[in-house]
Amino acid sequence: MQPTDRRLANAIRALAMDAVESANSGHPGMPMGMADAATALFTRHLKFDAADPHWPDRDRFILSAGHGSMLLYSLLYLTGYERPTMDDIKRFRQLGSVTAGHPENFEMPGIEVTTGPLGQGFAMAVGMAIAERHLNAIYGDELVDHRTYVIAGDGDLMEGVNHEAVGLAGHLQLGRLIVLWDDNNITIDGPSLLSRNEDVLDRFQAGKWHTVECDGLNAEAVSRAIDEAVADPRPSLIRCKTVIGFGAPHKQGTAATHGSPLGHDEIEAARQELGLEDRDFFVPEDVLAAWREAGRKGGPANAEWKQRLASSSNKGDFLARMSGKVSDAWLEPYLNKLLTEPKPVATRKASEMALEAINAAIPWTVGGSADLTGSNNTRTKGLEPLTGDNYSGRYVHYGIREFGMAAAMNGMALHGGVIPYGGSFLVFTDYARPAIRLSALQKARVIYVMTHDSIGLGEDGPTHQPIEQLQSLRAMPQIEVYRPADAVETAECWALALASDLPSVLSLTRQNLPPLRTKAAGGNLCELGAYRLKSAEKNRKVIILATGSEVEIALGAAAQLERQGIGADVVSMPCTERFDAQPQDYRENILPDVSNREILRVSIEAGTTFGWERYTGLHGLRIGIDRFGVSAPAKDAYNFFGLTPDKIAARITDFMEQRGIQ
Ligand SMILES: Cc1ncc(C[n+]2csc(CCOP(=O)(O)OP(=O)(O)O)c2C)c(N)n1
Ligand SMILES: [Mg+2]
């Protein structure tokens, strides 16, 4: 006899209680409350094949309420994924275990995205749903025909990014996005009424979503709600009324079950309440067998899909796209053309010029901007908007939703098959930062096209002029920050960003910059992170390191020093992370291991000097801006902050004099 839904769900409850107890850390309440709903989803609706977690046409499941990680680990174990094993579950939250505190996409297949920072799983799911519709528009139902399911808690729906995600998904009519809301009326501080009185369903409806309510503790009822959601052409929110910690007789319904072990006595009482055997980490044989059966159910559909792929004329194209590997064949001809007609351009414009070549050569890119298309220069000729009426478009008008855009791009990148890039002003990376951080943590190849990257944006003034943004982004692990100095460097940086398995930030100017690289280099110099653009002519006493728009200024200052008999190298440093990764002999060639008395190191960047001592040393000279900017035309702002060749050359010679450097 097939075990009841409740017995299947209770296996999740048992594992969640036990794993949290044994780790003495974790969140049993959420998995216990949503166990029935998850059982309905995984046994009756979700299209997946536990034996082939990478099946491209699988439904995507995202546990946005990532603190309930034991729900996901239980489901993956029960349905028969290779990992986690029962031993993995017993090592919940321990060093080196795949069952990390929160689900991490890099730990094991089946975890589509990293969740835990509330709201972002939901927002990434929007990106997954965009990618699905886009690929469906290209390849048809034959190859791409799946849904994106989310389990979200109260916290996910309160976070600001949720409002952006709801707006975007409703606008794009992402009908294949289905969110199950764990409406348990509890958050950490206590009843959700402490901090929320909005009508959540009204809000979603206003955002053009379909909503439906059900008893979240009744798998049958949840299943009917999912059927209704599937049938509706709008994105759906299913309000599952649940009880946090369901089954723990003395603690259920209270915040006490949210994030603490239940304790031995309460677990014993819960086992009685739920009709479970009084044994740790125990799943009855018939229950496990039924779960494993559910994990195999998608096998035939997967096999049929593979046959359709094998006989599809799109096979090669589809597989190449999903592999994510891109060719940089566009780069050389583009650079050759650029070198024959060098002209001053802003690097944001140079980025658009490069993108013209890239978007023509690589049809997998999907661009966009948070309502600054004309400023970010992100939309190239022929890119149609991606809309609810035309998902084949390759340009998303994300609206004024930087965080939502960044999170959606993470979802798109992790779905696979598309390479998302999106623009805003560099200063507003702060609005998107939590998602940029998740790009880095998850190694999602998202390319952030961040323009107006300094006081050089001029009149908009201090609110818009980035100061600390560049260095703070460089402080983030697993992301590459590029600040190209001219059109050639911009193209090289684009090529590197596209080829990388990490996310990238391109920091680009509003103002025009002259061409600095006027000869073919026979290779991508930006790949080195930093390289000598100009060598000292006189006896080398100074090495100037500069990035982006300040490289031109560094060259001007160096020319003045040379006229005074002081030899000066100018090093362009478009990517500090890449420079740091070079072999020591290369780094010492660029920055010799000698004191600042012998060769003075100077950094120039129109932003904070914080951190530049990493390259200048404590006794070097760091030139930048350690305050907020000014509202003024760019030239006046640069002059005001002393960022002109004259003033910098004078500062360097003064500094040398004061320190007795000859
Ligand atoms: C952005 C963010 N802020 C705060 C937290 C810490 N946190 C984790 S769960 C939680 C409460 C969530 O309440 P709810 O979503 O209702 O979860 P439940 O208690 O019902 O499981 C908080 C504040 C977080 N993980 N992410
Ligand atoms: Mg809650």
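Look up a bit, the structure's there.
A closer look at the overall build of the chain
Right, on to step 1. For the chain, the count of helices and strands is 26 helices and 20 strands.
Right, on to step 2. Relative to the 2.2 N^0.38 estimate, which gives 26 Å for 662 residues, the radius of gyration of the chain is 28 Å and therefore close to what a compact globule would have.
Right, on to step 3. Here the chain, with 662 residues, has 63% of them falling under the buried criterion.
Right, on to step 4. Counting only contacts in the chain whose residues sit at least 6 apart along the sequence, the fraction spanning at least 24 positions is 77%.
Right, on to step 5. As presented, the chain carries roughly 24,800 Å² of accessible surface, and 49% of it is formed by carbon and sulfur atoms.

A look at the packing of aromatic side chains
Right, on to step 1. Per the stated rule, a full pass over the model turns up 17 aromatic pairs.
Right, on to step 2. Each ring, one from Tyr73 and one from Phe92, has its centre 6.1 Å from the other, and the planes form 75°; the classification is edge-to-face. A residue pair is termed long-range when its members are at least 10 positions apart, and Tyr73 in helix 3 (residues 69-79) and Phe92 in the loop between helix 4 (86-90) and helix 5 (120-139) qualify at 19 residues. The pair Tyr73 / Phe92 is uniform in exposure class, with both members buried.
Right, on to step 3. One aromatic cluster in this structure is built from Phe42, Phe48, Phe61 and Tyr81.
Right, on to step 4. Positioned above the aromatic ring of Phe282 is the side chain of Arg279, whose terminal nitrogen or guanidinium carbon lies 3.9 Å from the ring centre.

Side note on the nonpolar core
Right, on to step 1. Phe122, Val126, Leu174, Leu177, Trp209 and Leu237 are the most contacted members of the largest nonpolar core, which has 69 residues in total.
Right, on to step 2. For this core, the element with the most residues is helix 5, which contributes 11 residues.
Right, on to step 3. Among residues more than four places away in sequence, those in contact with Trp209 are Phe122, Val166, Ala169, Gly170, Leu177, Val179, Phe204, Arg234, Pro235, Ser236 and Leu237.
Right, on to step 4. Counting residues in each nonpolar core, the second largest holds 59 residues, with Phe61, Met86, Cys214 and Trp291 among its members.

Concerning the pattern of salt bridges
Right, on to step 1. Per the counting criterion, the structure on display carries 38 salt bridges.
Right, on to step 2. Across the salt bridge formed by Arg44 and Glu220, the nearest N and O atoms sit 3.3 Å from each other. Here Glu220 lies in helix 9 (residues 219-231) and Arg44 lies in helix 2 (residues 29-45), a separation of 176 residues in the sequence.
Right, on to step 3. The class of Arg44 is partly exposed, set by a relative accessible area of 33%.

Things to note about the pairing of strand 3 (residues 177-183)
Right, on to step 1. With 7 of its 7 residues buried, strand 3 lies for the most part within the structure.
Right, on to step 2. Residues Leu177, Val179, Trp181 and Asp183 line one face of strand 3 and the alternating positions Ile178, Leu180 and Asp182 line the opposite face, and both faces are buried.
Right, on to step 3. Sheet topology note: the strand 2 (residues 148-152)/strand 3 ladder contains 5 bridges and is parallel. Bridged to Tyr149 within strand 3 is Ile178.

A few points about the sheet that holds strand 7 (residues 236-241)
Right, on to step 1. Overall, parallel pairing links the 5 strands, which are arranged 1-2-3-7-6 in an open sheet. This sheet does not close on itself; its edge strands, each paired only once, are strand 1 (60-63) and strand 6 (210-215). Along the sheet, successive strands turn relative to each other by an average axial angle of 20°, direction set aside.
Right, on to step 2. Sheet analysis places strand 1 next to strand 2, joined by 4 bridges and oriented parallel. Residue pairing in the sheet places Ile62 in a bridge with Val150 of strand 2.
Right, on to step 3. Helix 5 contacts strand 1, strand 2 and strand 3 of the sheet and is inclined by roughly 175° relative to strand 2.

Re the site of ligand 1
Right, on to step 1. In the vicinity of ligand 1 lie 15 residues, with His67, Gly116, Gly155, Asn184 and His258 positioned nearest.
Right, on to step 2. One nitrogen or oxygen atom from the main chain of Gly116 is found 2.8 Å from a nitrogen atom belonging to ligand 1.
Right, on to step 3. A distance of 2.8 Å is found between an oxygen atom of ligand 1 and a backbone nitrogen or oxygen belonging to Ile186.
Right, on to step 4. Considered on its own, ligand 1 offers 580 Å² of accessible surface; in the complex 73% of this is hidden by protein.
Right, on to step 5. If you list the elements that add at least two residues to the shell around ligand 1, you get helix 6 (154-158) and strand 4 (186-187).
Right, on to step 6. Residues that form the shell around ligand 1 fall into these classes: 6 nonpolar, 7 polar and 2 charged.

Structural notes on the side chain of Arg321
Right, on to step 1. Note that Arg321 resides in helix 13 (residues 315-323).
Right, on to step 2. Within the buried set, Arg321 has no salt-bridge partner at all; the shortest N-O distance to an opposite charge, 4.7 Å, is to Asp317.
Right, on to step 3. Here Gly417 takes part through its backbone oxygen, which lies 2.6 Å from a polar atom of the side chain of Arg321.
Right, on to step 4. Once residues within four sequence positions are removed from consideration, Arg321 is found in contact with Leu135, Ile138, Tyr139, Pro363, Trp364, Gly417 and Val418.

Points about the environment of Thr257
Right, on to step 1. Within the secondary structure, Thr257 is located in the loop between strand 7 and helix 10 (264-274).
Right, on to step 2. Note on Thr257: relative accessible area 0%, which makes it buried.
Right, on to step 3. Each C-alpha atom, one on Thr257 and one on Met158, is 20 Å from the other, the two residues being 99 residues apart in sequence.
Right, on to step 4. Excluding residues that lie within four positions of it along the chain, Thr257 makes contacts with Pro28, Gly29, Ile244, Gly245, Lys251, Gln252 and Leu262.

Digging into the state of the cysteines
Right, on to step 1. Throughout the structure, instances matching the rule amount to 0 disulfides.
Right, on to step 2. Here Cys214 is not cross-linked by a disulfide; its sulfur's nearest cysteine counterpart is in Cys240, at 4.0 Å.
Right, on to step 3. The thiol of Cys575 is unpaired, and the distance to the nearest cysteine sulfur, on Cys493, comes to 7.2 Å.

Considering the sheet that holds strand 12 (residues 447-451)
Right, on to step 1. In space, the 6 strands of this open sheet follow the order 10-9-11-12-14-13, with parallel pairing throughout. Sheet topology places strand 10 (395-397) and strand 13 (480-482) at the edges, where each strand pairs with a single neighbour. Taking each pair of neighbouring strands and ignoring which way they run, the sheet shows an average axis angle of 20°.
Right, on to step 2. Looking at chain direction, strand 9 (residues 365-369) and strand 11 (residues 419-425) are connected through 3 bridges and run parallel. Among the inter-strand pairings, Val366 is bridged to a residue of strand 11, identified as Pro420.

Some points on the environment of Leu71
Right, on to step 1. If you trace the backbone, Leu71 turns up in helix 3.
Right, on to step 2. The buried category is assigned to Leu71, whose relative accessible area is 0%.
Right, on to step 3. In this structure the C-alpha to C-alpha distance between Leu71 and Pro31, which are 40 residues apart in sequence, comes to 4.7 Å.

Here we look at the pairing of strand 19 (residues 600-604)
Right, on to step 1. Of all the 5 residues making up strand 19, 5 are buried; the element is thus mostly covered by neighbouring parts of the structure.
Right, on to step 2. Summarising the sheet, strand 19 and strand 20 (residues 621-623) pair through 3 bridges and their orientation is parallel. Note that in strand 20 the partner of Val602 across the bridge is Leu621.

Reading guide: rules and limits
- Residues numbered from 1 in each chain as written.
- Chains lettered and ligands numbered in written order.
- Predicted model: local features only at pLDDT ≥ 70, side-chain atom pairs only at ≥ 80, totals over all residues.
- Heavy atoms only, no water.
- Helix = DSSP H or I, 4+ residues; strand = E, 2+ residues; numbered from the N terminus.
- Rg over C-alpha atoms; globule rule 2.2 N^0.38 Å.
- Buried < 20%, exposed > 50% of the residue type's maximum accessible area, 1.4 Å probe, protein only.
- Contact = heavy atoms within 4.5 Å.
- Areas by Shrake-Rupley, 256 points an atom, 1.4 Å probe, with all protein chains shown as cover.
- Phe/Tyr/Trp six-rings, centres within 6.5 Å; stacked < 30°, edge-to-face > 60°.
- Lys NZ or Arg CZ within 6 Å of the ring centre and 35° of its normal.
- Core = buried A, V, L, I, M, F, W, Y, C linked by side-chain atoms within 4.5 Å.
- Salt bridge = Lys/Arg side-chain N within 4 Å of Asp/Glu carboxyl O.
- Pairing = 2+ DSSP bridges.
- Axes fitted to C-alpha atoms, helices over the stretch in contact; angles between N-to-C directions.
- Near = heavy atom within 4 Å.
- Polar contact = N/O pair within 3.5 Å; in protein donor to acceptor, adjacent residues only side chain to side chain.
- Nonpolar A, V, L, I, M, F, W, Y, C, P; charged D, E, K, R; others polar.
- Lys, Arg positive; Asp, Glu negative; His and termini not counted.
- Disulfide = S-S within 2.5 Å.

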